Every structure is written in structure tokens, then in C-alpha cells.
Amino acid sequence: MNTEKIFGPPGDSPVTTLTIRRPDDWHVHLRDGDMMRAVLPFTSSQFGRAIVMPNLTPPVTTVAAAQAYRDRIVAALPRGATFTPLMTCYLTDETSADEVEAGFRDRVWVACKLYPAGATTNSSHGVTNLARIGSVLERMERIGMPVLIHGEATEPTVDTFDRESFFIENSLRTLLGRHQELRIVLEHVTTVEGVAVVRENSARMAATITPHHLVLNRTSLFQGGLRPHYYCLPVAKREHHRLALRRAAVSGDPCFFLGTDSAPHLREAKQAECCSAGIFCGPTALQTYAQVFEEEGALGRLESFASCNGPAFYRLPLNTGTITLRRRKNLGDRSLRIGSSDIAMFRGGERLAWSIDEEGDRDPQLEGRAR
Ligand SMILES: NC(=O)N[C@@H](CC(=O)O)C(=O)O
Ligand SMILES: [Zn+2]
Ligand SMILES: [Zn+2]
């Protein structure tokens, strides 16, 4: 990592540019069609790779569907982009272990995504009971294929703010016991309990942390009125949970890495009687992570979180090339136009401390270093 004036003597002017190995996004929703074409450049310009979530309608449940979806993403990439989408298989009660293994061996998908049925956006085809997919999980355990979990309980009697900790205590711990070699990512972790279970099982477990959960708590959702654009699942929790997430992210520990959970919804779906869950944070994700790491006095560890810990967990090579962030106050766009509608951007129109160099410059010293 290259920084200018990062560790200068006290009173010295602060770091002005920050060059890190090109990062990856280990959790993103690229959607499909016009929306995919509109949101993809924000991901492909910053990240070398991204784990693409399979919660389309209909969900991506077969090798053929994943292959076709990957082809559509690659065809939509801006000219000259060097970006690799990493695909996932949406688990249902009917998923076949053979199909899962075939797609993994053919390098079509890198992981399976487990949505408890009804837990979040487009999860109605998800798993109704973990016992139903026991043989699939057993196979994944055997072949070393990770399962990525939206870790929230779905029982209607469980309080929304307790759904993650309830899932951990009542489902995840059983799963960990039943499948002792299974490799697991707790996606978009939001609680102290989530951070703890990941640390306890860090030999085979990791978690992604979103930019928004590092800066929002549940009070932010009601700041001056109800904020639909801050609503996502799992919902932001109390302040002490947010502080635990910040400590985990900046710790440098390999079991925590970057996953934006950028989840675009049209404005009419957000500003509605029943608001869809999801925050479109892709355009300002890296800038927000940089701000958080700086506030925590840990800019020197941003690179491990953003660019190194994820590839180590997924057993993939590090990216070559770099990205440069510059301390330059900038006002980003407020929203992204899609046909006659638009998508509100998280922190769009806010004055952010960091901006991303457009060229995506490459450092010859880093080129070819990995692999
Ligand atoms: N995070 C969200 O609130 N929404 C995601 C689904 C998900 O990741 O749970 C979406 O697809 O919109
Ligand atoms: Zn989710
Ligand atoms: Zn998601």
C-alpha cells in the first residue's frame, strides 16, 4: 500500500492520497436488464471482481441460468473494463447436490447463497427449513464450497432487530455443529453476536461488512422523519452494534472483508407504502470505507479489508493493479437515472472527504506481483 503523509509527525498535514491494491466486492446485487446496465459501471470501475447475488426473478438456481447471467453481465461491461463477475447459486428446498457440485467444478459459480424463505428481497423461493438442504450442505462441505448466508430468522414473532442474533443462536450454531468443515460467510453482519460467532469460528468462517452498517444505526432511520433510503435488511441496529462492526472491519483480521450489499431499487419501490429493502451504496462505497478507516485511525489496514482478506478466504489470487483515493471534497450525484425513473444513491449529493481517481491508474510494481 502506498500512502502519502499517512504516518507523518503530529500536526503534519494528513494523508492526501491513498493507493491500494485493487479491491473486490464480495457481495453485490447487479440485477438484470436496464438496471444492470446502469449500475454495473460503478462496480466494474472500482472492483476487480464481485460476488454477484442470485436473487433475480426468477432466482438463479441452475448452472445454465448462472452461465447465461454471467454472459449478460460480461456483455454489458463498459469497453476496456477488466472485471470478473463471480456467480452464486440460489439454494431452494429442491436444490440438487449434483448440480451444485457440477457448477462449482466447472467454475461457473463459486458459492451457494442461502436465503431463509421470506427473509429479504426476492427470497420467497429460499430455504424453508435448514434440515431440507442437509445433503447439499454435506456435499459443499466435502468439496470446500462456501455457503453465503443471509443470517436472519423469519419467524414473524421474532422482533426485526433481533432477527440476526436469533438466527445465530437458533440456526447457525446448529449448522456449525452439524457441518463441522462447512465454510461459511455470514453476509452483511450487523450485530455484536454476529461478530463474535465469526471470530469463534474464524478457521472456516468470515463475514462481509457493508459501508452503510458502518455509518448508520437504527436511530439514523428516523432522523427527522422516516428515511426509506436507509432501509435495508438486516436493518441497522443500536449504536453499540455499529461500533462493534467498525472495530471488526478495521481490525485487519482476515475473517472480515468488504461486501457492499449494494442493492438498487427504483425510487417508486423505496418511496412507497411498503418500502423495498436495499440501499444502493455502490457509487460511494469505497469513499465511505476510507472515511471510516480514517476516523478509526486505521487507514493502513484498509487494503487488507478491501483487497486481501476476501481472496484469501475464497482461495483466489490477489488482484494486480491499484486504485487511488484522493482527499478531495467532492459532491457526487444524488441519483442514477433509469428510463423515466431513478435510483437514489447512498450519500449521493453529500460532501465526501475522499474521491476516487477516474483513471484507475496501475502501479507497475504491483502488476504481476500476485498470483
Ligand atoms: N440487503 C437488502 O436489504 N436487500 C437485498 C437483499 C439482501 O441482501 O438481503 C436486495 O436484493 O435488495
Ligand atoms: Zn441479504
Ligand atoms: Zn444482499
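Residue indices follow the written sequence of each chain, beginning from 1 at its first position. Chains and ligands are labelled sequentially in the order written, the chains with letters from A and the ligands with numbers from 1. pLDDT decides what is reported in this predicted model: residues at 70 or higher carry local features, side-chain atom pairs at 80 or more are listed and counted, and totals for whole chains, interfaces and linings draw on all residues regardless.

- As annotated in an unreviewed UniProt entry, the protein carries the name Dihydroorotase and is attributed to Mesorhizobium australicum.
- UniProt's Pathway (unreviewed entry) comment on the protein is quoted here verbatim: "Pyrimidine metabolism; UMP biosynthesis via de novo pathway; (S)-dihydroorotate from bicarbonate: step 3/3."
- UniProt positions are given in the numbering used here, feature names are shortened, and annotations may be inferred rather than shown by experiment. Its UniProt record gives the protein a comment under Catalytic activity (unreviewed entry), which states: "(S)-dihydroorotate + H2O = N-carbamoyl-L-aspartate + H(+)".

**Topic: the overall build of the protein**
- Numbered from the N terminus, helices here are DSSP runs of H or I no shorter than four residues, and strands are runs of E no shorter than two. Tallying secondary structure elements over the protein gives 11 helices and 14 strands in all.
- For the protein, the C-alpha radius of gyration of 20 Å lies close to 21 Å, the compact-globule estimate for 371 residues.
- Projected onto its principal axes, the C-alpha positions of the protein cover 60 × 50 × 45 Å.
- The exposure label follows from counting other C-beta atoms within 10 Å of a residue's C-beta, where the C-beta atoms are placed from the backbone and the thresholds are 20 or more for buried and 12 or fewer for exposed, leaving partly exposed in between. Taken over 371 residues, the protein has a buried fraction of 47%. Both definitions apply: the radius of gyration is a C-alpha atom measure, and the globule rule equals 2.2 Å times residues to the power 0.38.

**Quick notes on helix α3 (residues 97-105)**
- Here α3 has its buried residues at Val 100, Gly 103 and Phe 104. All buried residues of α3 fall inside an arc of 100° around its axis, so they share one side. Exposed side of α3, more than 90 degrees from the buried face: Asp 98 and Arg 105 are the residues found there.
- Check the buried side of α3 and you find it contacts α2 (63-76), β5 (84-90), β6 (109-114) and α4 (134-143).
- The first or second residue beyond α3 is Arg 107, which carries a positive phi of 60°. Note that the arc is computed from the directions linking the helix axis to the C-beta atoms. Working definition of a contact: two residues with C-beta atoms, positioned from the backbone, lying within 7 Å.

**Observations concerning the packing of helix α5 (residues 163-178) against helix α6 (residues 192-200)**
- It is at 8 Å that the axes of α5 and α6 come closest, and there the two elements cross at 35°. Packed against α5, whose contacting residues are Glu 164, Ser 165, Ile 168 and Leu 172, the element α6 presents Glu 193, Gly 194 and Val 197 at the interface.
- For this classification, Asp, Glu, Lys and Arg are treated as charged, while Ala, Val, Leu, Ile, Met, Phe, Trp, Tyr, Cys and Pro are nonpolar and the rest, including Gly, are polar. For the contact of α5 with α6, the per-class residue count stands at three nonpolar, two polar and two charged. To define axes, lines are fitted to C-alpha atoms, for helices over the stretch in contact only, and angles between the resulting N-to-C directions are given on a 0 to 180 degree scale.

**Quick word on the nonpolar core**
- Think of a nonpolar core as buried Ala, Val, Leu, Ile, Met, Phe, Trp, Tyr and Cys residues, each tied to the set through C-beta atoms within 7 Å. Counting 98 residues, the largest nonpolar core has Cys 112 and Val 147 as its most contacted members.
- A total of six residues in this core trace back to one element, the largest contributor, which is helix α10 (residues 285-295).
- Ignoring any residue separated from it by four or fewer positions in sequence, one finds Val 147 in contact with Ala 111, Cys 112, Leu 114, Leu 137, Met 140, Leu 182 and Ile 184.

**With respect to the sheet that holds strand β9 (residues 205-209)**
- Strand order in the open sheet formed by eight strands is β3-β4-β5-β6-β7-β8-β9-β10, with parallel pairing between adjacent strands. The two strands at the open ends of the sheet, each matched to only one other strand, are β3 (25-28) and β10 (256-258). On average, each strand axis in the sheet is inclined to that of its neighbour by 30°, with strand direction left out of account.
- Between any two strands, at least two bridges found by DSSP are needed for them to pair. Bridging between β5 and β6 involves four bridges; their strand directions are parallel. When the sheet's bridge partners are listed, Cys 89 is paired in β6 with Cys 112.
- Against the sheet, α6 engages β8 (184-186) and β9, with an angle of about 145° to β9.

**Examining unusual backbone geometry**
- Geometrically, the link from Thr 57 to Pro 58 is a cis peptide bond, its omega value of -5° lying close to zero.
- Relative to the assigned elements, Pro 58 resides in the loop between β4 (49-52) and α2.
- Cis peptide bonds are those with omega within 30 degrees of zero, and the linkage from Leu 233 to Pro 234 qualifies with -10°.
- Its location among the elements puts Pro 234 in the loop between α7 (211-215) and α8 (239-250).
- Positive phi, normally seen in glycine, also occurs at His 188, with a value near 35°.
- Assignment of secondary structure puts His 188 in the loop between β8 and α6.
- Judged by C-beta crowding, with 27 C-beta atoms within 10 Å, His 188 ranks as buried.

**What to know about the UniProt feature "modified residue: N6-carboxylysine" (unreviewed entry) in the protein**
- The UniProt feature table records "modified residue: N6-carboxylysine" (unreviewed entry) at Lys 113.
- By secondary structure assignment, the location of Lys 113 is in strand β6.
- In this structure Lys 113 comes out as buried when scored by C-beta crowding, with 26 C-beta atoms within 10 Å.
- What Lys 113 contacts, discounting residues up to four positions off in sequence, is Met 53, Pro 54, Thr 88, Cys 89, Tyr 90, Leu 91 and Leu 148.

**Some words on the site of ligand 1**
- The C-beta atom of each residue is placed using the backbone, and any residue whose C-beta lies within 6 Å of a molecule or strand is treated as near it. Surveying the vicinity of ligand 1 reveals the residues His 29, Asn 55, Thr 120, Thr 121, Asn 122, His 150, Cys 232, Leu 233, Asp 261, Ala 263, Ala 277 and Gly 278.
- When grouped by side-chain class, the residues that make up the shell around ligand 1 number four nonpolar, seven polar and one charged.

**Remarks on the pairing of β5**
- Most of β5 sits inside the fold, with six of its seven residues counted as buried.
- Orient the strands so they point away from the viewer, and a crossover whose first-strand-to-second-strand path over the helix runs clockwise is right-handed. Assessed by its sense of winding, the connection that carries the chain from β4 through α2 to β5 is right-handed.
- With respect to chirality, the unit in which β5 leads through α3 into the neighbouring parallel β6 is right-handed.

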